[in-house]
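Breakdown of the fold
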Amino acid sequence: MTDTRRRVKLYALNADRQWDDRGTGHVSSCYVERLKGTSLLVRAESDGTLLLESKIQPDTAYQKQQDTLIVWSEGDNFDLALSFQEKAGCDEIWEKICQVQGKDPSVEITQDIVEESEDERYDEMSDSVQPVELPACEMGRLEDISELVNSCLVSPTRKDKLAAALESQHYIKKLLNLFQMCEDTENIEGLHHLYEIFKSIFILNKNTLFETMFADDTIFDVVGCLEYDPSLPQPKKHREYLRELAKFREAIPIKNKDLLAKIHQTYRVQYIQDIVLPTPSVYEDNLLSTLSSFIFFNKVEIVKLIEEDERFLTDLFKLLMDSKTPDVKRRDLVLFLKEFCNFSQNLQPQDKDAFYKTLVSLGILPALEITLSIDDQKTKTASIDILTYIVEFSPSVVRDYTLQQANNTEEEQMLLNIVIEQMLRDRDPELGGAVQLMGVLRILLDPESMLASVNKSEKADFLNFFYKHSVQTLIAPLLDNTTGETPLKEDYHTVQLLGLVLELLSFCVEHHTYHIKTCILNKDLLRRILVLMRSTHTFLVLGALRFMRKIIALKDEYYNRYIIKGNLFAPVIDAFLRNNGRYNLLDSAILELFEFIKLEDIKSLCSHVVENYGKILEDVEYVQTFKALRTRYDQHQDKLKERDRVSGSVGVSEAVVPSLLRSRYRREARQPDDEEEMWFNDEDELEDEAPLDTAQTHAHHALDAIGKIVEKKVSPTAEVANGPSRVLSASPKPQTDVQGLVDYDGDSDEEEESGTSGTSGTSGTNEERDAKRPRLA
């Protein structure tokens, strides 16, 4: 069927009271034998599948709204709506519904469904015979009118009759005339009655009444009636706000008068719902559902009208990006775009996707590069909101744009670096913008939201981009503030920003692997972060400790060697001793760190802590953590001595060579994953790093090392002292030798998986120990 009159969108109200788009199709009404009655059928426009088959029940309440909407309920919690492309189609289907139910098509609602007893049903039938008779609309009858309106609220049918009477007699406009008279004569009692009357009219929940109350010539008087709440000592000043403070700034002239009127109406009705009316908690659920639907469909219509006007958006973006545009004008443009994006949240996913594609094609991201850097708080805040809308819906759009900048844009002008720079330069004492931008960066850096395909890996490409072009901007203030033994700046604003940076870096440690690992080693980043352990702000101390805890939680021997060689437990032990046993969060966090090392049996760290700090910590008796670490260390040493004794009796060459052969065999069998291979094949990523050896070179080196060890006569004393497992680490590498450490990381991963012991890895398995070990995150 191609008749545009019958073209509709089908909506269903979800559990969050939001309308879900169930598809676009064509509606018809016909007799369905299976349902034994005339039914509404909606077939999909794309493939003709049946989207809706709903029998027109004689007692279902259908509502006609805004000339192109038909809304009804099927069951207790399942609301449906048909949004017609043309008014003629809506009228045609409405007449069919009314014909089936025996109603006059001039009504806007057929009837209400209520669960009621036989006596109540008899009362309703009696009421339906007699329409509601409204008192004369006079000043002296306001109290009677208020009582009558309130009495009708208890009965659905009387509510319907009251609404019909108010509409047929044009009663609302008569009441508003009385309101003007009461204000002129300062009749406070009459104004209080009018407040109660109009509050009750809202509870009637009738779209036809809303259309009358929200017209341009009546809405301000309706708001005025709602200012005189009897429970308040003084009336509110809602009209003053709407008329004088909330002025509409027309960033680009809107020639479509209907669109302009719809924008004004929607803002005012939203204000009535959010500010003027009593809080929703005093109402029953869904009592004002028609008002919410009125606002919802208004916003959808506004967005679609603006989208269809290509000239309007083109002119807007042209003016926004023009260097000659005054900052005040640019602020109005950005604020308009923010509201535009806010309204788009009511769109369904497929419509929202098309909406953001339109904005991106028009240049929203280059425009944000300009507006984010403007030194105007309102412009900056609105720009952050727009970027947040885009990133939350489709982070890939922003990632694709930043990747396109890799070869043709200066680093300081890249969108990602502008976002980081604005986060670090936020002067707001509460850091509202910085927190919001940190959330944006976190979404962009989250691997879970990154796509992958055959020809491209978004995860690898974007992380390579970030760690090559942007991470130095992120960590710059942290490095600048930790050049000495204590933080250089301790003002609250600086430490708050450093706390945000630490939070983002901790997220990277947890979710990224080779990229953040190389950054930490090249910049000696953990050592610099641990300088913050001497901060006077406890939350920053905890942030630095949390960063180290994230690293240790990975149980990566690559990191463990770095910590041991740099003696990086010293700042932690120092903070623990300075805390002097006080029962606080810092004390608990440090103890939990060492408890994790003990429970997970991280032998290299356990040995390092006991050998270097055992005497300092042996006096701590209010917990058993350090004594347990000492016990675990002694057990490990006993096992090493026993293994050395056994290996000495077998022979040096027979013990060492098979061990190395097994280690090298595992390395050759290991296949790097895509991300690792792409990372290490990119020679430009690390400026200070030599090209990595190939697998064949590793094999030759392994065989050469084995040959030298076999030929060399190692004394039994040296072998017992070092142990066969320590031969590989006999000649320590410099702390920043990334290549050697990454090689070692490959070994440690395989050794952990196979249950063998590396330099300080976990040796073997112990089922009893694993059964008792708590599972820590």
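Anyway, here's the lowdown on the structure attached to this text. For clarity, every value in this text was computed on a predicted model and none was experimentally measured.

**Focus: the overall build of the protein**
Regarding its fold elements, the protein presents 36 helices and seven strands. Buried residues in the protein amount to 48% of all 777 residues. The contacts in the protein between residues at least 6 apart in sequence include a share of 67% that link residues at least 24 apart. With an accessible surface of roughly 39,100 Å², the protein has 49% of that area assigned to carbon and sulfur atoms.

**A closer look at the pattern of salt bridges**
This model, assessed by the stated rule, comprises 30 salt bridges. A salt bridge links Lys338 to Asp385, with the shortest nitrogen-to-oxygen separation between them at 3.3 Å. Of this pair, Lys338 sits in helix 13 (residues 327-344) while Asp385 sits in helix 16 (residues 377-393); the two residues are 47 residues apart in sequence, bridging distant segments of the chain. With a closest N to O distance of 3.5 Å, Glu503 and Arg442 form a salt bridge. Residue Glu503 is found in helix 22 (residues 492-511), and its partner Arg442 is found in helix 19 (residues 432-444); the two are separated by 61 residues along the sequence. Given a relative accessible area of 38%, Glu503 falls into the partly exposed group.

**Looking at the pairing of strand 7 (residues 79-84)**
Most of strand 7 sits out of view: six of its six residues are buried. As defined by bridge partners, strand 1 (residues 7-13) adjoins strand 7 across five bridges and the pair is classed as antiparallel. Residue Lys9 lies in a different strand from strand 7, and its bridge partner there is Ser83. Where strand 6 (residues 69-73) and strand 7 come together, five bridges link them in antiparallel fashion. The partner of Trp72 across the bridge, within strand 7, is Leu80.

**Quick notes on a nonpolar patch on the surface**
The grouping of Tyr241, Leu245 and Tyr267 at the surface amounts to a nonpolar patch, some 310 Å² of accessible area in total. Tracing the backbone through its elements, the reader meets Leu245 in helix 9 (residues 238-245). Looking at Leu245, the relative accessible area reads 61%, which means it is exposed.

**Focus: the sheet that holds strand 5 (residues 62-65)**
Reading across the sheet, the seven strands line up as 4-3-2-1-7-6-5 and stay open at both edges, with antiparallel pairing between neighbours. Strands at the two margins of the open sheet, each flanked by one partner only, are strand 4 (50-55) and strand 5. Pairs of neighbouring strands in the sheet enclose a mean axial angle of 30°, with direction left out of account. One ladder, built from eight bridges, connects strand 2 (residues 19-32) with strand 3 (residues 37-44); its direction is antiparallel. By the bridge assignment for strand 3, Gly25 is matched with Ala44.

**Considering helix 23 (residues 514-523)**
Burial of helix 23 is extensive: eight of the ten residues sit out of reach of the surface. Every buried residue of helix 23 is listed here: Tyr514, His515, Ile516, Lys517, Thr518, Cys519, Ile520 and Leu521. Phi for Asp524, located one or two positions after helix 23, is positive at around 50°.

**Regarding the environment of Ile56**
Here Ile56 is to be found in the loop between strand 4 and strand 5. Given the relative accessible area of 3%, Ile56 is considered buried. A C-alpha to C-alpha distance of 6.0 Å links Ile56 and Thr38, two positions 18 residues apart in sequence. In contact with Ile56, not counting residues within four places along its chain, are Thr38, Ser39, Leu40, Tyr62, Ile97, Val100 and Gln101.

**Some points on the packing of helix 16 against helix 19**
Following both chains from N to C, one finds helix 16 and helix 19 inclined at 25°, their axes separated by 10 Å at the closest point. In terms of their interaxial angle, helix 16 and helix 19 are classed as roughly parallel. Note on packing geometry: the crossing formed by helix 16 with helix 19 is left-handed. Residues Ile384, Asp385, Leu387, Thr388, Val391 and Glu392 of helix 16 pack against Gly433, Gln436, Leu437, Val440, Ile443 and Leu444 of helix 19.

**Side note on unusual backbone geometry**
If you check the backbone angles, Asp524 has positive phi at about 50° while not being a glycine. Structurally, Asp524 is set in the loop between helix 23 and helix 24 (525-530). Of note, the phi angle at Asn580 is positive, near 60°, even though the residue is not glycine. Secondary-structure assignment places Asn580 in the loop between helix 27 (570-579) and helix 28 (585-599). Residue classification places Asn580 among the exposed positions, given a relative accessible area of 63%.

**Topic: the packing of aromatic side chains**
Within the structure shown, the criterion is met by 23 aromatic pairs. A ring pair is formed by Tyr11 and Phe297, whose centres lie 5.5 Å apart and whose planes are at 85°; its orientation type is edge-to-face. In this pair, Tyr11 is assigned in strand 1 and Phe297 in helix 11 (residues 289-308), connecting sequence segments 286 residues apart. Members of the aromatic cluster, joined through ring pairs, are Phe312, Phe336, Phe340, Phe355, Tyr356 and Phe393. Across from the ring centre of Tyr559, 5.8 Å away, lies the NZ or CZ of Lys517, which sits over that ring. Geometry around Phe596 places Arg549 over its ring, the cationic atom sitting 4.0 Å from the centre.

**Considerations on the nonpolar core**
In terms of nonpolar packing, the biggest core is built from 134 residues, with Leu505, Ile520, Leu526, Ile552, Phe569 and Phe594 touching the most fellow members. For this core, the element with the most residues is helix 22, which contributes eleven residues. What Leu526 contacts, discounting residues up to four positions off in sequence, is Ile520, Phe547, Met548, Ile551, Tyr562, Ile563 and Leu568. Core analysis: the second largest hydrophobic core is formed by 48 residues, Ile145, Phe214, Val222 and Leu291 among them.

**Some words on the packing of helix 19 against helix 22**
For any two helices packed against each other, the geometry comes down to the angle between their axes and how far apart the axes lie. Orientation of helix 19 relative to helix 22, taken along the N-to-C sense of each, is 15°, at an axis distance of 11 Å. By the criterion of interaxial angle, the relationship of helix 19 to helix 22 is roughly parallel. Considering only the axes of helix 19 and helix 22, their crossing is right-handed. Contacts between helix 19 and helix 22 involve Ala434, Val435, Met438, Leu441 and Arg442 on the former and, on the latter, Leu497, Leu500, Glu503, Leu504 and Phe507. For the contact of helix 19 with helix 22, a count of residues per class yields eight nonpolar, no polar and two charged.

**Some thoughts on helix 19**
Relative to the 18 Å expected for 13 residues at 1.5 Å per residue, helix 19 spans 19 Å between its end C-alpha atoms, a close match to the ideal helical length. Buried within helix 19 we find Gly433, Ala434, Leu437, Met438, Val440, Leu441 and Leu444. One side of helix 19 carries all its buried residues, which in axial view fall inside an arc of 155°.

**What to know about the environment of Leu259**
Residue placement: Leu259 occurs in helix 10 (residues 257-276). Look at Leu259 and you get buried, because its relative accessible area is 6%. Contacts of Leu259, omitting those with residues within four sequence positions, involve Ile254, Ile302, Leu305 and Ile306.

Conventions we followed
- Residues numbered from 1 in each chain as written.
- Predicted model: local features only at pLDDT ≥ 70, side-chain atom pairs only at ≥ 80, totals over all residues.
- Heavy atoms only, no water.
- Helix = DSSP H or I, 4+ residues; strand = E, 2+ residues; numbered from the N terminus.
- Buried < 20%, exposed > 50% of the residue type's maximum accessible area, 1.4 Å probe, protein only.
- Contact = heavy atoms within 4.5 Å.
- Areas by Shrake-Rupley, 256 points an atom, 1.4 Å probe, with all protein chains shown as cover.
- Salt bridge = Lys/Arg side-chain N within 4 Å of Asp/Glu carboxyl O.
- Pairing = 2+ DSSP bridges.
- Patch = residues over 30% accessible without salt bridge, like charges linked within 9 Å, V, L, I, M, F, W, Y side chains within 5 Å.
- Axes fitted to C-alpha atoms, helices over the stretch in contact; angles between N-to-C directions.
- Parallel < 35°, antiparallel > 145°, perpendicular 65-115°, else oblique.
- Left-handed = near helix turned anticlockwise from the far one by under 90°.
- Phe/Tyr/Trp six-rings, centres within 6.5 Å; stacked < 30°, edge-to-face > 60°.
- Lys NZ or Arg CZ within 6 Å of the ring centre and 35° of its normal.
- Core = buried A, V, L, I, M, F, W, Y, C linked by side-chain atoms within 4.5 Å.
- Nonpolar A, V, L, I, M, F, W, Y, C, P; charged D, E, K, R; others polar.
- Expected span 1.5 Å × (residues − 1).
- Arc of directions from axis to C-beta.

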